[in-house]
Amino acid sequence: MTETAVRERQAVERIVLEAFGALTGRRGEPLRYAMMDDTPVGVLGLAAGERGLRHLSFVRDEDDFLGRLLAEHGDVPVLRSAALDPVRRALDAYFAARRFDFGVAVDLSGVPPFHRRVLNATARIPAGRVATYTQIAVRAGSPRASRAAGNALHNNPVAIIVPCHRVLRTDGSLGGYGGGLPVKEWLLEHEGARPRTL
Amino acid sequence: MPHATGRASQQIALLLAKHGEELARHIRRILRDDDAAQDVLQDTMLRAHRALPALGALANHRAWLYRVATNIALNAVRSRTRERAALERHAAEHELAVEPHADGHDEARRATLWAQVARLPERQRLALTLRIADELDYEEIARRLGGTVAAARANVYQATKRLKMEVRDP
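Rules used throughout
Residues numbered from 1 in each chain as written. Chains lettered and ligands numbered in written order. Predicted model: local features only at pLDDT ≥ 70, side-chain atom pairs only at ≥ 80, totals over all residues. Pairing = 2+ DSSP bridges. Helix = DSSP H or I, 4+ residues; strand = E, 2+ residues; numbered from the N terminus. Axes fitted to C-alpha atoms, helices over the stretch in contact; angles between N-to-C directions. Contact = placed C-beta atoms within 7 Å. Nonpolar A, V, L, I, M, F, W, Y, C, P; charged D, E, K, R; others polar. pLDDT = per-residue confidence, 0-100. Parallel < 35°, antiparallel > 145°, perpendicular 65-115°, else oblique. Left-handed = near helix turned anticlockwise from the far one by under 90°.

J.: Which parts of the structure should I look at to understand the sheet that holds strand 2 (residues 42-49) of chain A?
T.: In a beta sheet, neighbouring strands pair by backbone hydrogen bonds and run either parallel or antiparallel. All names here are of chain A. Spatial ordering of the open sheet is given by 3-2-1-4, a layout of four strands whose pairing is mixed. If you trace the sheet from one side to the other, it starts and ends with strand 3 (52-58) and strand 4 (78-80), each paired once. Going from strand to strand, the sheet's axes swing by 25° on average, the running direction of each strand aside. As judged from the three bridges shared by strand 1 (residues 31-39) and strand 4, these two strands associate in the parallel manner. Following the sheet pairing, L31 is matched in strand 4 by V78.

J.: Where do I start with the pairing of strand 2 of chain A in this structure?
T.: On a regular strand, each side chain points to the face opposite its neighbour's, so the side chains alternate between the two faces of the sheet. Residue and element names in this part refer to chain A. As paired elements, strand 1 and strand 2 share six bridges and run antiparallel to each other. When the bridges of strand 2 are listed, Y33 appears paired with A47. Hairpin connection from strand 1 to strand 2: two residues lie between these consecutive antiparallel strands. Inspection of the sheet shows strand 2 paired to strand 3 by six bridges, in the antiparallel sense.

J.: When you look at the interface of chain A and chain B in this model, what are you seeing that I'm missing?
T.: It is common to give the size of an interface as the accessible area lost on bringing the parts into contact. The interface is formed by 20 residues belonging to chain A together with 22 residues belonging to chain B. Those elements that provide at least two residues to the side of chain A that touches chain B are helix 1 (3-24), helix 2 (62-72) and strand 4 of chain A. Element by element, the count of residues in the side of chain A that touches chain B is highest for helix 1 of chain A, at eleven residues. Grouping the amino acids of the side of chain A that touches chain B by side-chain chemistry returns twelve nonpolar, three polar and five charged.

J.: Hey, could you run me through the confidence of the model for chain A in this one?
T.: The predicted structure's coordinates, where accompanied by low pLDDT, should not be read in detail. Per-residue pLDDT for chain A averages 93, and the proportion of residues at 70 or more is 97%. Within chain A, no element has a lower average pLDDT than helix 1 of chain A, which sits at 92, and none a higher one than strand 3 of chain A, at 98.

J.: Which parts of the structure should I look at to understand the packing of helix 5 (residues 122-132) of chain B against helix 6 (residues 138-145) of chain B?
T.: Geometry of a packed helix pair, given as the angle between the helix axes and the separation of the axes. Residues and elements named next belong to chain B. Running from N to C, helix 5 and helix 6 cross one another at 135°; their axes reach a closest spacing of 10 Å. Compared by their axis directions, helix 5 and helix 6 come out oblique. Every pair of crossing elements has a handedness; the one defined by helix 5 and helix 6 is right-handed. Contacts from R123, L126, A127, L130 and R131 in helix 5 reach I141, R144 and L145 in helix 6. Considering only residue class, the contact of helix 5 with helix 6 consists of five nonpolar, no polar and three charged.

Pasting the structure below:
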């Protein structure tokens, strides 16, 4: 992007943020979002703060996603922004099976500590491989907490990039998935990992 | 400006989130002035919020918002032109009053005065502008800018006084 374009975007954003403050009382670090309307796994909503991606969600449409963002982040400005274009490109490359590593900063600071440990352990499962809920609980430091680990994965705010779809039941069955089981199955096959009985 | 509360605030937040960036870019290109663009965006949002019950039936909020934003921005351009003309008139009268032997350097003096107006504290600059360019009474100025009628009067007075002083003694 040219310097002029960057300056324009900053100026434009200041105008929008000022309006947020004056009209809605929402101030502070903004949350920027973008949509991906036709991916192989449906409509995706993305949102990022200054420190990285905070949401990657399966949603019905933009209003659905935006409604959730505004409700969950009640104090800060939320705005659609081209700043997320690199993340969208990384996801496009992933869906085109060109690369399975994203190189995208993820910000899990809004997640409770145990959940964060579970998600960090999950982030280390490479594409094409799977783990079980129990293994993830062990790697998160709480071997007996496989149910809680499942819960953490169910509430994963950054789907796909934090690959909770790579976590299965001990018997090899799919378990659950926020985006629906067909999506979980699609992602695993796409990455070349077939769910099988261990 | 008091914040919209509750549902109203949510609706405005939604409109701003979805359309704020593209509208601000559009408005800014018309006005070439970030402060003015800010006012126009906020006006557009408030108008949209008031129109929402009727807008609900419209399929395309985006087209509606663009149309309204463009209208308000163009009005702002027009009133800016008017404001400039009125301030120049004011300046001319002013200079005649303080400097009866006006010489031929009108333009240079006008430019100086313009720079001085721009340097006025914001409340004074706005109050003076509303008084001179929009020919509003003090009550209306107070309503637009917030604050009391007495404060509006004082701001216009201070602005005028400061300009006179600087014109006399640059």
